[in-house]
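# Topology and contacts: notes
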Amino acid sequence: MIEQLKDKIEKMKALIFEHSQYLATIENHQYLPLKNEELIQFEENHQIELPMDYRAFLLHMGNGGLGPGLGILPLDLTRKYNDLHLPWTNPKIYNALFLHDDDKEDEDEFDERVDDLLKDNGSKESQLFNAKDHGVLPIANMGCGTTALLVINGKHKGQIWIDLTATDAGLSLLAENFIDWYNAWLDERTEKILAKNLAVKNIMAFCESSSPKLDSTKALHEFMGKFLDVRDKKTVHVVLERLLKSSDLDHHETTMPIIHYLTEHEQFTNYPLAIKYIDRALDTLSSGDDASRKSLLGAKGKAHAHIKQYKKAISCFNEALAIDVSHCPKGTLTDEYIRLLAFCHLCLGDLPNTKAVLAANGMANAVSLLTDLYENHQDYELARLWGQELLGWSFYQNYPYQKSYVLTINTQIIYSLIQLKDDAQLEENLKKLDELEVNPEHLPYAHIALKLYEQKYYQKALLYLKKYESLDSASDNLYWIYNLKGCCYNDIGMYEKGIAFFWKSFNLQKWIVPYSNLIRPYINLGKFDEAQRVFNEIMAADPYYSWNYYQFSLFYLKTNKPHKAVSLLNKSIELGFDKKIILEDVELKGILKHL
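Residues numbered from 1 in each chain as written. Predicted model: local features only at pLDDT ≥ 70, side-chain atom pairs only at ≥ 80, totals over all residues. Heavy atoms only, no water.

A few words now on the overall build of the protein. The helix and strand tally for the protein stands at 31 helices and four strands. C-alpha extents for the protein along the principal axes are approximately 75 × 75 × 65 Å. Here the protein holds 595 residues, and the buried ones make up 49% of them. Sequence-distant contacts in the protein: of pairs separated by 6 or more residues, those separated by 24 or more amount to 61%. (Helix = DSSP H or I, 4+ residues; strand = E, 2+ residues; numbered from the N terminus. Buried < 20%, exposed > 50% of the residue type's maximum accessible area, 1.4 Å probe, protein only. Contact = heavy atoms within 4.5 Å.)

Spelled out as structure tokens, the structure:
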């Protein structure tokens, strides 16, 4: 069964790559198999025996990764799972007592009844309720507060249940065993990908000479849905350009949804094309449809703002502000459009109008603009300028709840200074951060450390990793901390220390990232056999892991085989690796022109 699963996963990944990108969120959350002695130790520590099929998965497939929900959760070998040796609750009786049925009682009645049942901690009902967390391993995050559970102890050992108690919906059986559950997900997922690939292939071929009939909202959503997660969006934009020239466009059925896709959906964003659709919609709009006109002008302002046509954007927003409709009266816009209007004024150097817009629309928008500047617009100089302006602005200083924003503002300024590499101001602002009167657990040391590392402030990154590691909240992220420490030491040439931290990270959960990170320091120390072994092991586990090819390319450069290094780098790019990272890699400088 394990070999069949491996073959199926290989087939599914190959299908994913036919038209889509293997998402980094998937490939970086993979884990290599555990060793038998590690599982024996885990079982002895918890006085349990893991179900055989799950045990086989951990030994031969991996310690979590690709799977139902948000993926199979890794078994944390260093963690003490409380009450794992105790029997799980009786789900039938549990549901009879603690599942909310709308037809029988309203929420208040349900809450009152449950509170009454649990008043006595020693009652059978309380014991049954508490036993919900006994004898089970959380196996997958299924979203919306729900978790898939693998029963380790009790009459239902080996079964997979979903915990729906966050919504008072009780416990529900998913599968009789782990392998059946995983296999069913794999078959369903593969079937969907196969069907989607076929649909994309057919629609691409059809659109070379014709266009699909997108005369309804349903038809449009079906067409766009086929291209979700597909790398090449050229067909979508060609079809939409053709449709723009036709006479079949219906304002509400197709034009407005198309504009939404082109301005709001990150995978389909195309602001110049959006402006064309908006202009056509405005030209055909009935004179009394003020609600649509205001909405279209706001969307047009957004599109102009994102392509740096700031004066045109301001004109659109001001025209929209003058329109009075019931749900958005005269003088008001959505918060997003207000911030974009302020952003345009700021980009034009008009600080008074920037402040006037924001003062009229609340402190939350003034602070959120700072976050927008850093995260969405990636204009670090403006973010620095606006952050410093905010702290000295009387509107902020007189705001009664200014303390609720002080950490956000200072943090965004620090992030911007890191990007700008303004060492003097960065040092000053990091000191100010440490002086803030806030709960240390709320300080974003982890994010600061990562951003410092990305901008090659390795010693400072290590300092902030140490600060983060001292917090209680860091205990679940040691694997991440040790990996980033390894990266810092590796990049400053302390290869042995880097290797030690990569192993420390890897041994916690068998996370693929620190294991792949071992390759570079091994190569730089001349331990080519060790680097080759790691590369081969990861290749066997996942030939689609792009980081592996990137890391091992240095081996061929060091052994005077630059053509092979280039081949590996091109393979990593083909698999979705960020070419920008490669181009900034100093160690690969000699071969970058051949990419």
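Before going further, it helps to examine the packing of aromatic side chains. For the coordinates displayed, the defined rule picks out 40 aromatic pairs. Ring geometry for Trp 547 versus Tyr 550: centroids 5.2 Å apart, planes at 55°, classification tilted. Taken as a pair, Trp 547 and Tyr 550 lie in helix α29 (residues 546–558) at a separation of three residues, close to a single helical turn. A relative accessible area of 22% places Trp 547 in the partly exposed class. Since its relative accessible area comes to 5%, Tyr 550 is described here as buried. Members of the aromatic cluster, joined through ring pairs, are Tyr 54, Phe 57, Phe 178, Trp 181, Tyr 182 and Trp 185. Sitting above the plane of the Tyr 415 ring, Lys 451 keeps its charged end 4.8 Å from the centroid. The ring of Tyr 482 is capped by Lys 504, whose NZ or CZ atom sits 4.6 Å from the centre of that ring. (Phe/Tyr/Trp six-rings, centres within 6.5 Å; stacked < 30°, edge-to-face > 60°. Lys NZ or Arg CZ within 6 Å of the ring centre and 35° of its normal.)

Among the secondary structure elements, Ser 505 is positioned in helix α25 (residues 495–509). The contact partners of Ser 505, leaving out residues within four places of it in the chain, are Tyr 479, Tyr 482, Asn 483, Trp 511 and Pro 514.

This paragraph deals with the pattern of salt bridges. Summed over the entire model, instances satisfying the criterion amount to 29 salt bridges. With its nearest N and O atoms 2.9 Å apart, the salt bridge here joins Lys 8 to Asp 187. Taken together, the positions of Lys 8 in helix α1 (residues 2–19) and Asp 187 in helix α8 (residues 178–207) put the pair 179 residues apart, joining distant regions of the chain. Overall, Asp 187 belongs to the partly exposed group, its relative accessible area being 36%. (Salt bridge = Lys/Arg side-chain N within 4 Å of Asp/Glu carboxyl O.)

The subject of this paragraph is the environment of Ser 292. Mapped onto the secondary structure, Ser 292 falls in helix α13 (residues 290–306). Sequence separation between Ser 292 and His 252 is 40 residues, and the spatial gap between their C-alpha atoms is 9.5 Å. Within the structure, Ser 292 has its side chain in polar contact with the side chain of Asp 289 (distance 2.8 Å). (Polar contact = N/O pair within 3.5 Å; in protein donor to acceptor, adjacent residues only side chain to side chain.)

Right, let's talk about the sheet that holds strand β3 (residues 160–163) for a bit. Across a sheet, paired strands are connected by hydrogen bonds in the backbone, their directions being either parallel or antiparallel. Spatially, four strands are ordered β1-β2-β3-β4 in an open sheet, and the strand pairing comes out antiparallel. Both outer strands of the open sheet, β1 (136–143) and β4 (171–175), are each paired with one neighbouring strand and no more. Direction aside, neighbouring strands of the sheet carry axes that sit 30° apart on average. Sheet analysis places β1 next to strand β2 (residues 146–151), joined by six bridges and oriented antiparallel. Paired with Asn 141 across the two strands is Thr 147, which belongs to β2. α8 rests against β1, β2, β3 and β4 of the sheet, and its axis sits at about 15° to β1. (Pairing = 2+ DSSP bridges. Axes fitted to C-alpha atoms, helices over the stretch in contact; angles between N-to-C directions.)

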